[in-house]
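Now for the letters of each chain:
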Amino acid sequence: MDLLRRQEALARERLDPAVHDYFAGGAGDEQTLADNERAWRRWWIRPRGLVDVGAVDTAVEVLGARLRTPILVAPVAAHALLHHDGERAGARAAGAAGSLFTLSTRATTDLADVAAAADGPLWLQVYVDRDRERTLRVLAGAREHGVGAVVLTVDLPVAGRRERELRNGELPLPDGVRLADHLGGAGGEGTKPLAGWDPTLTWADLAWIREACGLPVAVKGVLTAQDARAAVEHGAAAVVVSNHGGRQLDGCVPTAVALEEVAGAVGGAVPVLVDGGIRDGGDVLRALALGARAVLVGRPYAWGLAAGGQDGAREALEALTGDLELAMALAGCPSLAAITRDHVRAALW
Ligand SMILES: Cc1cc2nc3c(=O)[nH]c(=O)nc-3n(C[C@H](O)[C@H](O)[C@H](O)COP(=O)(O)O)c2cc1C
């Protein structure tokens, strides 16, 4: 998409090369990073004709949030490196686009400030700290800040080997900016992965996490039917098919391939979301056809924020939604509910 490509080019121009590397990069040889984008294109769309698409409706409900678009903002660390307005601008952009903002544990703005700035629904992504008290405090405070759901990321028991980051070294945050330590990430003044998170976490821990926040907990980082079933059995309110945008286990399955298996295992018990490599409206349509209720985007949103702050991020989200509307009209789908498994087939080449 032209606008997204322009924003990406502008972001590359504006950002320090090491900062650009931090956002663009993946783990290892970046095989999964590339596969994520490619894998969506390996599903061909099967359009239907003579369907009334005079009005195309992209409205959706996810965990109680009523949204105008099924394209949500994924948790992305350290927004202050992208734009001085940071997470506040991101949350406002999401609200203005009828979307939803997910605040990362590694944010550069405190939850209270983001909540005050946000005018749309807000979710909070959580990594569990070795110091459980710290995580418990974060979880206990989430609801009073108006957080609608907690997103527990399960694909980062330890940090992946991100070679660009290793090459560039730790990125300093802008003056006066620090990682928001109230989120349980132990604070810090740079982007270096912290050793503070608990690699001993298991499915059994979902119980106290749910109890501590009293909110729906979405489990992010599921790629198999086995984990999907475990998440549902342990009370997850939603499952997010994700490989962390190719930043964790290089060579793991692309999300466009994992999605159908996960959606099948969940069997409609809870909503399934997906992220990784979603770059246009056709990709969103493919994801919904394969069983997702909604999608999340990381880098396209990040480039929008870097290119134009709040307006840039909003424009990226609106461009993606506009492109989804077009794909839906051309495929004969007037609503998200009209998108079915029958609207895609595996590509032959
Ligand atoms: C720079 C960067 C930082 C990220 N930080 C987090 C994070 O703090 N927590 C998390 O759960 N996921 C994080 N992610 C993963 C995203 O939430 C999401 O899974 C991924 O970006 C989706 O892929 P996409 O960028 O191709 O859209 C991060 C991704 C990027 C690119």
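Before any of the text, the structure's been laid out above.
Read on for a plain summary of the structure.

Calculation criteria
- Residues numbered from 1 in each chain as written.
- Predicted model: local features only at pLDDT ≥ 70, side-chain atom pairs only at ≥ 80, totals over all residues.
- Heavy atoms only, no water.
- Salt bridge = Lys/Arg side-chain N within 4 Å of Asp/Glu carboxyl O.
- Helix = DSSP H or I, 4+ residues; strand = E, 2+ residues; numbered from the N terminus.
- Buried < 20%, exposed > 50% of the residue type's maximum accessible area, 1.4 Å probe, protein only.
- Contact = heavy atoms within 4.5 Å.
- Arc of directions from axis to C-beta.
- Pairing = 2+ DSSP bridges.
- Right-handed = clockwise from strand over helix to strand, strands pointing away.
- Phe/Tyr/Trp six-rings, centres within 6.5 Å; stacked < 30°, edge-to-face > 60°.

1. Digging into the pattern of salt bridges
Tallied over the entire structure, the rule returns 21 salt bridges. Its salt-bridge partner being R132, residue D198 comes within 2.7 Å of it at the nearest N-O pair. Of this pair, D198 sits in the loop between α7 (163-168) and α8 (206-213) while R132 sits in helix α6 (residues 132-142), and the two are 66 residues apart along the sequence. For R132, a relative accessible area of 27% translates into the label partly exposed. D311 is paired through a salt bridge with R314; the nearest N and O atoms lie 3.5 Å apart.

2. A few points about the side chain of N36
Counting through the fold element by element, N36 comes out in helix α3 (residues 31-41). Excluding residues within four positions of it along the chain, N36 makes contact with N243, G245, G246, P254, T255, G276 and G277.

3. Remarks on α8
Listed as buried for α8 are L206, I209 and C213. Buried residues of α8, seen end-on, are gathered within an arc of 65° and therefore sit on one face of the element. Where α8 is buried, its residues meet α6, β7 (149-153), β8 (217-222) and α9 (225-233). Backbone geometry just downstream of α8 places G214 in the positive-phi region, at approximately 60°.

4. Regarding the pairing of strand β10 (residues 272-275)
In β10, alternate side chains face the same way, and those of V272 and V274 on one face and L273 and D275 on the other are all buried. Looking at chain direction, strand β9 (residues 238-241) and β10 are connected through 3 bridges and run parallel. Within β10, the position partnered with V239 by the bridge is V272. Note that the unit made of β9, helix α10 (residues 255-266) and β10 has a crossover that is right-handed.

5. A look at the packing of aromatic side chains
Summed over all chains, the structure comprises 4 aromatic pairs. For the pair W44 and W349, a centre-to-centre distance of 5.1 Å together with 75° between the ring planes defines the contact as edge-to-face. One end of the pair, W44, is in strand β1 (residues 43-45); the other, W349, is in the segment after β12 (344-346), and 305 residues separate them in sequence. Residue W44 is classed as partly exposed on the basis of its relative accessible area, which comes to 28%. Looking at W349, the relative accessible area reads 74%, which means it is exposed.

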